[in-house]
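Single-letter residue listing:
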Amino acid sequence: MPTEQQTLAPLARPPRTHPVEALFSHGRLVAIPRKEARREQLLVHLADTLFERERSYTEREVNEALLTVHEDCSALRRYLVVAGLLVRPRDGSSYCRGR
């Protein structure tokens, strides 16, 4: 007959979180994460550090800001828009911080 300790299910481990800084080397983004949760963590970090709330940016300004961390600024810009962290009108004339 199993003891009480043997019948208890193991405790669920809390999810491990890795600091977003681990994605960078010498201030540059090493790679855009493939895993959605990790990419979301990166995108929130980029939006918080590169873009001010209540300010409008041109596409060129967004690209220049993103180029400071990674050469594929268009992919990062697209991910930021899809995630709702940057918002743009249909004509793409400007960008501003979202959520």
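Shown above is the structure to which this text applies.
Residues numbered from 1 in each chain as written. Predicted model: local features only at pLDDT ≥ 70, side-chain atom pairs only at ≥ 80, totals over all residues. Heavy atoms only, no water.

A tally of regular secondary structure across the protein chain gives 4 helices and 5 strands. For the protein chain, the exposed surface amounts to about 7,500 Å²; the carbon and sulfur share of it is 53%. (Helix = DSSP H or I, 4+ residues; strand = E, 2+ residues; numbered from the N terminus. Areas by Shrake-Rupley, 256 points an atom, 1.4 Å probe, with all protein chains shown as cover.)

This paragraph deals with the pattern of salt bridges. Within the structure shown, the criterion is met by 6 salt bridges. Note that R97 is salt-bridged to D48, the shortest N-O span being 3.1 Å. With a gap of 49 residues between them, R97 in strand β5 (residues 95-97) and D48 in helix α2 (residues 36-50) connect regions that are remote in the sequence. Judged by relative accessible area, R97 falls into the buried class, the value being 11%. We note a salt bridge from R60 to E64, for which the minimum N-O separation is 3.3 Å. (Salt bridge = Lys/Arg side-chain N within 4 Å of Asp/Glu carboxyl O. Buried < 20%, exposed > 50% of the residue type's maximum accessible area, 1.4 Å probe, protein only.)

Moving on, we come to the sheet that holds strand β3 (residues 56-57). Remark on secondary structure: sheet strands pair via backbone hydrogen bonds, oriented parallel or antiparallel. Here we have 3 strands laid out as an open sheet, ordered β3-β5-β4, and antiparallel in their pairing. Strands at the two margins of the open sheet, each flanked by one partner only, are β3 and β4 (86-87). As paired strands, β4 and β5 are joined by 2 bridges and run antiparallel to one another. What sits directly across from L86, in β5, is R97. (Pairing = 2+ DSSP bridges.)

What follows covers the packing of aromatic side chains. Taken as a whole and judged by the stated rule, the model has 1 aromatic pair. It is R39 that lies over the ring of Y79; its NZ or CZ is 4.4 Å from the centre. (Phe/Tyr/Trp six-rings, centres within 6.5 Å; stacked < 30°, edge-to-face > 60°. Lys NZ or Arg CZ within 6 Å of the ring centre and 35° of its normal.)

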